[in-house]
Amino acid sequence: MSTATREAQRAFTGLLERPLVTPATDPELLRLVLRHLQAVTDTARRLGYRVQRVGRAVRLVRVPVAGRVTAPPRPADAPGRRVLALACCLAACCEEIAGAVTLQRLSDLVRDLLAAPGAAVTGYDPDERAQRKALRDAAKLLEGWGVLRRRTSDDALLEEWTERGSGPGAGYDVDRDAVLLMTSPDVLDQALHPGGDDEPVRQLRALVETPVVLHADLSDEEAAALRSARSGAARLTGGHVEVRTEGMLLVLTDDEQQATVADWPRARAADWVALLMADLAGQAGTRAADGSVRLTAAEVDEVVADLVDWRGDYLNKAQKTVPGTVRADAEARLTELGLLRVHLDASWQLLPVAGRYRAPGITITSEGRP
């Protein structure tokens, strides 16, 4: 494989991890994407994505395919709908900004925007601390996407504005290129009116974006078509596809760019609790024909009780003192990793791929910490 091909693959997988890249958010990735822009664009098109560039900002647009959006499981720390809505409003207000702006000024603009007749988002009252906090979190999101760049490093100003509503909050520069990519009406139109009926492309994208594509979620014809097309996903990303009885997954190479691979389990209580819960639940539940393991809500509680009794000394303070924390930690981590589905009745469906994680050895390396 040539160096150019490998770099183009890294640029594409980098855009999967960071769909909006600017000189401020990741200059190395941006250079790589611009150097191989044509190859990245061609790769994106084969998977139903679209690459847009404005100035020195590039965005990978996840155009829905066959009327559906394929995306990884929702991260446990993902922002809520209110913060996302305010982030969109902030971005719209940034279109009116030329030069520097303070958070207080942005707050005023959002207030006025949502007070206008016909606004589809619930009004914003900057006199309420909870709403200022939500707007602060929305601004942090825009920082992460490169739309806003902090001009001030004094967090005390931001804290003062959030807690008491006084002062400028923080100073920002607006990246006009990133704003245009984020608020593009063309992108919004494609999201609201998805076209095409390319089911094979949608399945290939699921292989690229999700932890695993289970055979149980596909018809026999769909599974056969995806097996035939799997080499394309490997060729476009530089990874390789594992085909197992329960399904298929794309394994990316562990090299200098690992951002698309989940860092789990790490040496923290929430991670090893999730690991042990997956192992214990896999043994205690009822195994289905598709390889998944099902537990009722009561059975999950029993597994939690067994874990606390067995490894209680390893738990952190919250897990020891706040009821439900052990279960919540396990559900949050296993769900975002694509290993668990929690149903409305609080029952568990442990997916077959969870069987890759078994019998972890846990030892105390320092007092009170695993």
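Residues numbered from 1 in each chain as written. Predicted model: local features only at pLDDT ≥ 70, side-chain atom pairs only at ≥ 80, totals over all residues. Heavy atoms only, no water.

Peer 1: An account of the pairing of strand E9 (residues 247-251) is needed here, citing residue identities and associated values.
Peer 2: Counting buried residues in E9 gives four out of five residues, a clear majority hidden from the surface. Sheet topology places strand E7 (residues 213-214) next to E9; two bridges connect them, and they run antiparallel. Directly across from Leu214, in E9, lies its bridge partner Gly247. For strand E8 (residues 240-243) and E9, the ladder comprises four bridges, and the chain directions are antiparallel. Pairing of Val241 across the sheet is with Leu250, part of E9. (Buried < 20%, exposed > 50% of the residue type's maximum accessible area, 1.4 Å probe, protein only. Helix = DSSP H or I, 4+ residues; strand = E, 2+ residues; numbered from the N terminus. Pairing = 2+ DSSP bridges.)

Peer 1: Describe in detail the pattern of salt bridges, supporting the description with residues and values.
Peer 2: Opposite charge on two side chains permits pairing when their charged atoms draw close. Evaluated as defined, the whole model comprises 19 salt bridges. Here Glu7 and Arg35 are joined by a salt bridge, their closest N and O atoms 3.3 Å apart. Taken together, the positions of Glu7 in helix H1 (residues 3-17) and Arg35 in helix H2 (residues 27-35) put the pair 28 residues apart, joining distant regions of the chain. Look at Glu7 and you get buried, because its relative accessible area is 19%. Here Arg149 and Asp175 are joined by a salt bridge, their closest N and O atoms 3.4 Å apart. Here the residue Arg149 occupies a position in strand E5 (residues 148-150), and Asp175 occupies one in the loop between strand E6 (171-174) and helix H8 (176-182), the gap between them amounting to 26 residues. The exposure class of Arg149 is partly exposed, given its relative accessible area of 32%. Here the salt bridges share partners, and the residues they tie into one network are Arg266, Arg268, Asp271, Arg333 and Glu336. (Salt bridge = Lys/Arg side-chain N within 4 Å of Asp/Glu carboxyl O.)

Peer 1: Can you lay out helix H11 (residues 220-237) for me, pointing to particular residues and giving the numbers?
Peer 2: Here H11 is 18 residues long and its end C-alpha atoms lie 26 Å apart, about the 26 Å a rise of 1.5 Å per residue gives. Within H11, the axis deviates most sharply at Ala229, by approximately 45°. Of the surrounding secondary structure, the elements contacted by the buried residues of H11 are H1, helix H3 (37-46), helix H10 (199-209), E7, E8 and E9. (Expected span 1.5 Å × (residues − 1). Bend = angle between axes of the 7 residues up to and from the residue. Contact = heavy atoms within 4.5 Å.)

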